[in-house]
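Understanding the architecture of this molecule
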Amino acid sequence: MNLAVQLPGLTLKNPVMPASGCFGFGKEYSEFYDLNTLGAIIVKAATGEARYGNPTPRVAETSSGMLNAIGLQNPGVEKIITDELPFLRPFDTPVIANVAGSTVDEYVHVATTLNKSQDIAALELNISCPNVKEGGVQFGTNPELAKEVTYKVKEASNFPVYVKLSPNVSNITTMAKAVVDVGADGLSMINTLTGMQINLKKRAPIIANKTGGLSGPAIKPIAIRMIYEVRQALDVPIIGMGGITTAEDVVEFLLAGANAVAVGTANFQNPYACPEIIEQLPQVLSEYGFSSVADAIGKGHVHE
Amino acid sequence: MNLAVQLPGLTLKNPVMPASGCFGFGKEYSEFYDLNTLGAIIVKAATGEARYGNPTPRVAETSSGMLNAIGLQNPGVEKIITDELPFLRPFDTPVIANVAGSTVDEYVHVATTLNKSQDIAALELNISCPNVKEGGVQFGTNPELAKEVTYKVKEASNFPVYVKLSPNVSNITTMAKAVVDVGADGLSMINTLTGMQINLKKRAPIIANKTGGLSGPAIKPIAIRMIYEVRQALDVPIIGMGGITTAEDVVEFLLAGANAVAVGTANFQNPYACPEIIEQLPQVLSEYGFSSVADAIGKGHVHE
Amino acid sequence: MITKKRLEIISHLQIAEATFEVTVKSDLAVELKPGQFVHILVPGHMLRRPISIANVDREQKTFTMIFKIFGEGTKKLSECRSGDYLDIILPCGSHYPIEELELEHALLVGGGIGVPPLYYLGQQLKEKGVKVTSVLGFQGKSHVFYEEKFQQLGDTYIATNDGTYGKKGFVTDIIKELDQPMDYYFSCGPTPMLQAVTTLLANEKGYISLEERMGCGVGTCYACVVPLKNDPTKNKKICKDGPVFYANEVLLG
Amino acid sequence: MITKKRLEIISHLQIAEATFEVTVKSDLAVELKPGQFVHILVPGHMLRRPISIANVDREQKTFTMIFKIFGEGTKKLSECRSGDYLDIILPCGSHYPIEELELEHALLVGGGIGVPPLYYLGQQLKEKGVKVTSVLGFQGKSHVFYEEKFQQLGDTYIATNDGTYGKKGFVTDIIKELDQPMDYYFSCGPTPMLQAVTTLLANEKGYISLEERMGCGVGTCYACVVPLKNDPTKNKKICKDGPVFYANEVLLG
Ligand SMILES: Cc1cc2nc3c(=O)[nH]c(=O)nc-3n(C[C@H](O)[C@H](O)[C@H](O)COP(=O)(O)OP(=O)(O)OC[C@H]3O[C@@H](n4cnc5c(N)ncnc54)[C@H](O)[C@@H]3O)c2cc1C
Ligand SMILES: Cc1cc2nc3c(=O)[nH]c(=O)nc-3n(C[C@H](O)[C@H](O)[C@H](O)COP(=O)(O)OP(=O)(O)OC[C@H]3O[C@@H](n4cnc5c(N)ncnc54)[C@H](O)[C@@H]3O)c2cc1C
Ligand SMILES: Cc1cc2nc3c(=O)[nH]c(=O)nc-3n(C[C@H](O)[C@H](O)[C@H](O)COP(=O)(O)O)c2cc1C
Ligand SMILES: Cc1cc2nc3c(=O)[nH]c(=O)nc-3n(C[C@H](O)[C@H](O)[C@H](O)COP(=O)(O)O)c2cc1C
Ligand code: FES
Ligand code: FES
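This structure is a prediction, so every number in the text was calculated from the model and none was measured.

Conventions we followed
- Residues numbered from 1 in each chain as written.
- Chains lettered and ligands numbered in written order.
- Predicted model: local features only at pLDDT ≥ 70, side-chain atom pairs only at ≥ 80, totals over all residues.
- Heavy atoms only, no water.
- Phe/Tyr/Trp six-rings, centres within 6.5 Å; stacked < 30°, edge-to-face > 60°.
- Helix = DSSP H or I, 4+ residues; strand = E, 2+ residues; numbered from the N terminus.
- Buried < 20%, exposed > 50% of the residue type's maximum accessible area, 1.4 Å probe, protein only.
- UniProt positions renumbered as here; feature names shortened; annotations may be inferred.
- Contact = heavy atoms within 4.5 Å.
- Polar contact = N/O pair within 3.5 Å; in protein donor to acceptor, adjacent residues only side chain to side chain.
- Disulfide = S-S within 2.5 Å.

Taken as a whole, this structure holds 32 aromatic pairs over all chains when the rule is applied. Judged by centre distance (5.5 Å) and plane angle (85°), the ring pair of Phe32 of chain B and Tyr272 of chain B falls under edge-to-face. Placement of Phe32 of chain B in the loop between α1 (27–30) and β4 (41–46) and of Tyr272 of chain B in the loop between α9 (266–269) and α10 (273–287) is noted, with a sequence separation of 240 residues between them. By relative accessible area, Tyr272 of chain B is classed as buried at 16%. Ring centres of Tyr33 of chain B and Tyr272 of chain B lie 6.3 Å apart, and the angle between their planes is 45°; this geometry places the pair in the tilted category. Linking Tyr33 of chain B in the loop between α1 and β4 with Tyr272 of chain B in the loop between α9 and α10, this pair joins segments that are 239 residues apart in sequence. You can call Tyr33 of chain B buried: its relative accessible area is 10%. Among the aromatic residues, those joined into a cluster by ring pairs are Phe23, Tyr29, Phe32, Tyr33 and Tyr272 of chain A.

Structure, rendered in structure tokens:
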């Protein structure tokens, strides 16, 4: 069964990659399995300078989901290039860097700095992090800001740019069109939905940041709907994510119109989530009558 | 333990009521238990004329949630007033009518017609139904339209108006402020998030309408976050809902800032959900150190 | 009266490929009528699963359900054991109104998981002295169940899609060849089968039982509707007005 | 090497109020070091639960955990039985580096669910010939566990918050009165206790073990951080760099 997918800048042996923020920079899960099995790897967000992130607690459990407010903790783009990314060099698996920032300038600075890395194949432009006071989600909910940051990062970067969209919007297609109009090579969707959980004993939000991003199977129907809507409107490569835990889920995302998928929260439940999904994918695809990954993409669309 | 809550137009013996669309017009669950136990009852949406609703399948199951696209099936406001609401008259439980429409005129017509009912105590203005082609969610995601319909319905109605907000927005506080500015007596939040599930065998969305509204415990963190945000910004009565299944959930909503709560999807899982929650509420409140329902409202707020 | 109970499984058997027969104890068994269903909670799932009543033992106060593994919910139900408890809403929906009908000869037409409710119906018809002929359709030989039990009610014909047992083809292929007079037919099965049956038997009187994805199962959510034949702008709820309808009452999609 | 295994529960006992001792079989038991923890999947829950290793039987190839019912996850774990299987990530985190330390006399200071890892530590210290003194704090008499087992390791003092057993008060009240010399202290318990202990013993060398809500439990998600004392703009991961830290390394919130 042919699992390969060809996307701008990315030749994937299979469509499954860990999602940003759920895989660190690869070291830890490389103790569990051979990272060569992965279609690609999206690493943790990079900002201009090192960031401490938010106070703890940073995570909470919800029904079929979790909240996180890590707050973009990372050692800064320079250190990521010198200390983290080289570890992934020996693997035959393309690496996607996740670019974050508080200002357009910071995004551009991170993207420009990443030009010197030999270890990455593409950028994921994170305009949708709900867990930082500045930047992040505000770029992801305002089409004009999204356009501006995408345009400038595209100009600055030597790599294809996948813009990661926020689901915290009324109209996802408007956001998708805005960034594709100014040259986004692809989309990555969805990031987390902003949520909160309150600790009854402490009479306060569990997460120190108060709100956090909701991920996991709880949000899968929202991800599927948004990808479906964007696929109806635009012919652009989509890396789909949001609640994927099984190979069946992957097929559902492909049917909705994703060209490849990322697995986030499921890694925490099962560190072998990605390789197990990849192993089962051929059987599940053929069970539903598909002869390859490419054969399934967008096939869930009903034309009226 | 004092469970009573006083809201505009509503004297509630306890803060728990079934949510609109999850309780029909009360007849069916009255076979299970005495409706007098309920704090109030929100009945199914009323439109100007009878509506067939959407084709089937209309529901699908998701992780800790469900999708529905009923499409506002109802016999029309006149028939609701004459054939449905009188059944609820003997109960010592206030009834809230849910007002829907495709145009501002239809909303106003429904609200005006409801003035002649002796069986209701308040209106819930449903500007957030994601499952109809026209009206519904478009009013709920555009502050100007929300303002217009709220203003006109307030002018037309003799009853207090609770505006039911859609969670499919970037900024819930903007929407809340818009409708409160033009006189909404209270808010009801949240309605469902738009989602989709794809049937792998059929290679098509399970729900005939393609998209449906996501409800149930999966969305609770989003509901809590939105209520918390609106409560920080506005001093307005809030009927909170979204995934409530236990008395602990009710307390979490009260802490977030809800003054009363509605239970939707949980009724389907457990027809006795509302009376069981009401029965357990005093014990759970006192377990967490509250001496009444009023004592818990808004107590989850941390002031920086 | 409709209610929700925790009922003990007293027998749990596999009776055909992916097909299970589960009997539970309940004082309400005596009130259950053929055609009605129960609505079962599957732990970890939001929506209940509707399953027809396949038989009732009034003396033992038990009732039996027969289901096939279709997805996750029925898979979990298949893993239950005797002694486990199920959370069940019952009784749900309408029944075959045989007490109101003048009947001498009834034709039962069932397909797949539509077969179970007809067994309880056939039992009651036989008790009333009605002659029963059954035509049952299955995917293939390994899926056939309850053939002998139906034979005890009267003549029984089996069709399988793949021809591995009985007649190859559809129940309608068999019905065409039956030339016995009948007063009423009673049919339950997948919608395409019901369409074929109601079309073939358009001049006969009959009752059919429908399936649809359900939310509440008790009539409050409007999930499970079917349009009326004489006015398709109106509809009925399958969980409350049905699942049994007069054959000409509803429009099969 | 860290991995994930399905491990059989071979003993499951309640040993104090809401407190359970669970022993599982695993070939990896021999590799587990005191202070490390395992990360347990609770079916139906998104996030795993971190639980410390309380003891290891190298011959039987088993290890023991002791936990208290706190919320839903530990409640479900308390309802498991011998013969059930648990899905466990192990071994997680750092350990008390006793192999590197010059030790003659060790003070163990545990509070509540911080007591279990100290038992395995104490066992290993005793094996090495180190003198062990234990000071353990519990809520009240009904919560006390493993007192006799600790006594077999050396002098053991108990404090309870409500005074229903041992000394009324905190572990620090007991430590103040101990005037034996010690080389190192090892402490695990709720953060306020650790703060009190590290403040009281500021002039002693010691190791502490921390708790925080975790996502991955293996170092990838950055959920479980603690700031460094000498540079609070930097932090360490409790699940990977910890849970055991040198007492002066981290800033207790
Ligand atoms: C009135 C009625 C009586 C029924 N009686 C029987 C019976 O006696 N024996 C039997 O084997 N089956 C019966 N069915 C069908 C049975 O309900 C479905 O096979 C079952 O719900 C599938 O659940 P699942 O979790 O295995 O599948 P999944 O696909 O995982 O279920 C997902 C959701 O879709 C719903 N769903 C899927 N298929 C159907 C269907 N065909 N009808 C209704 N809902 C569906 C489920 O209830 C659930 O909400 C009956 C259905 C109805 C409406
Ligand atoms: C390294 C480490 C070792 C531990 N060792 C033990 C032990 O040996 N015995 C024992 O009884 N407990 C131990 N704990 C605490 C134990 O993990 C929590 O009591 C448990 O996770 C609570 O889960 P719950 O489902 O019962 O509570 P819930 O409140 O329902 O859990 C909700 C979420 O919060 C997390 N959570 C809640 N409290 C804690 C906490 N104190 N620490 C970390 N996460 C928490 C849960 O893991 C879960 O993700 C340890 C914690 C850590 C970090
Ligand atoms: C703990 C955690 C940290 C995350 N960090 C990032 C991040 O740094 N950058 C980013 O673009 N997305 C981040 N995400 C979002 C995920 O990449 C993904 O979009 C989201 O979790 C939905 O997928 P899932 O449901 O499979 O987890 C994070 C998610 C989690 C749970
Ligand atoms: C089957 C179904 C039908 C609904 N119909 C309506 C409706 O007619 N009007 C309305 O305002 N909300 C309707 N809702 C939304 C609920 O009232 C509620 O806002 C939402 O489901 C969230 O609450 P829950 O998670 O407790 O179900 C419906 C929800 C469901 C599940
Ligand atoms: S399933 Fe709710 S009305 Fe039929
Ligand atoms: S829990 Fe994920 S880094 Fe520690």
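With that settled, consider the UniProt feature "binding site: FMN" (unreviewed entry) in chain A. Under the present numbering, the feature "binding site: FMN" (unreviewed entry) in UniProt falls on Ser20, Lys44, Ala45, Asn98, Asn126, Lys164, Ile190, Gly216, Gly242, Gly243, Gly264 and Thr265 of chain A. Mapped onto the fold, Asn98 of chain A is located in strand β7 (residues 95–99). Residues within four places of Asn98 of chain A in sequence aside, it is in contact with Ser20, Val43, Lys44, Ala45, Ala46, Glu124, Asn126 and Lys164 of chain A. There is a polar contact of 3.4 Å between the side chain of Asn98 of chain A and the side chain of Ser20 of chain A. Mapped onto the elements of the fold, Gly216 of chain A is located in the loop between β14 (212–215) and α7 (220–233). Apart from residues lying up to four places away in sequence, Gly216 of chain A is in contact with Ser64, Gly65, Gly242, Gly243 and Thr265 of chain A together with Met46 of chain D.

Take the environment of Glu72 of chain C next. Residue and element names in this part refer to chain C. Within the secondary structure layout, Glu72 lies in helix α1 (residues 72–78). In this structure Glu72 comes out as exposed when scored by relative accessible area, which is 56%. Spatially, the C-alpha atoms of Glu72 and Leu13 are 18 Å apart, while their sequence positions differ by 59 residues.

Looking now at the arrangement of the chains. Contact analysis covers 3 pairs of chains in contact, and the most contacts occur between chains A and B. With respect to C-alpha atoms, chain A approaches chain C no nearer than 10 Å, and the pair has no contact. If you take every C-alpha in chain C and every C-alpha in chain D, the smallest gap between them is 7 Å, and the two do not touch.

The omega torsion of the bond from Thr56 of chain A to Pro57 of chain A falls at -5°, within 30 degrees of zero and hence cis. Among the structural elements, Pro57 of chain A can be located in the loop between β4 (41–46) and β5 (59–62). The step from Met189 of chain A to Ile190 of chain A runs through a cis peptide bond, and the omega angle for that step is 15°. By the element assignment, Ile190 of chain A lies in the loop between β10 (186–189) and β11 (193–195). Even without being glycine, Tyr222 of chain C reaches a positive phi, approximately 65°.

In the structure shown here, the tally under the stated rule is 0 disulfides over all chains. Unpaired in this structure, Cys22 of chain B has its nearest cysteine sulfur neighbour in Cys221 of chain C, at a distance of 8.0 Å. Classification of Cys22 of chain B as buried rests on a relative accessible area of 11%.

All names here are of chain A. Per the UniProt record, "active site" (unreviewed entry) is annotated on Cys129. Here Cys129 shows up in the loop between β8 (122–126) and α4 (137–141). The class of Cys129 is buried, set by a relative accessible area of 8%.

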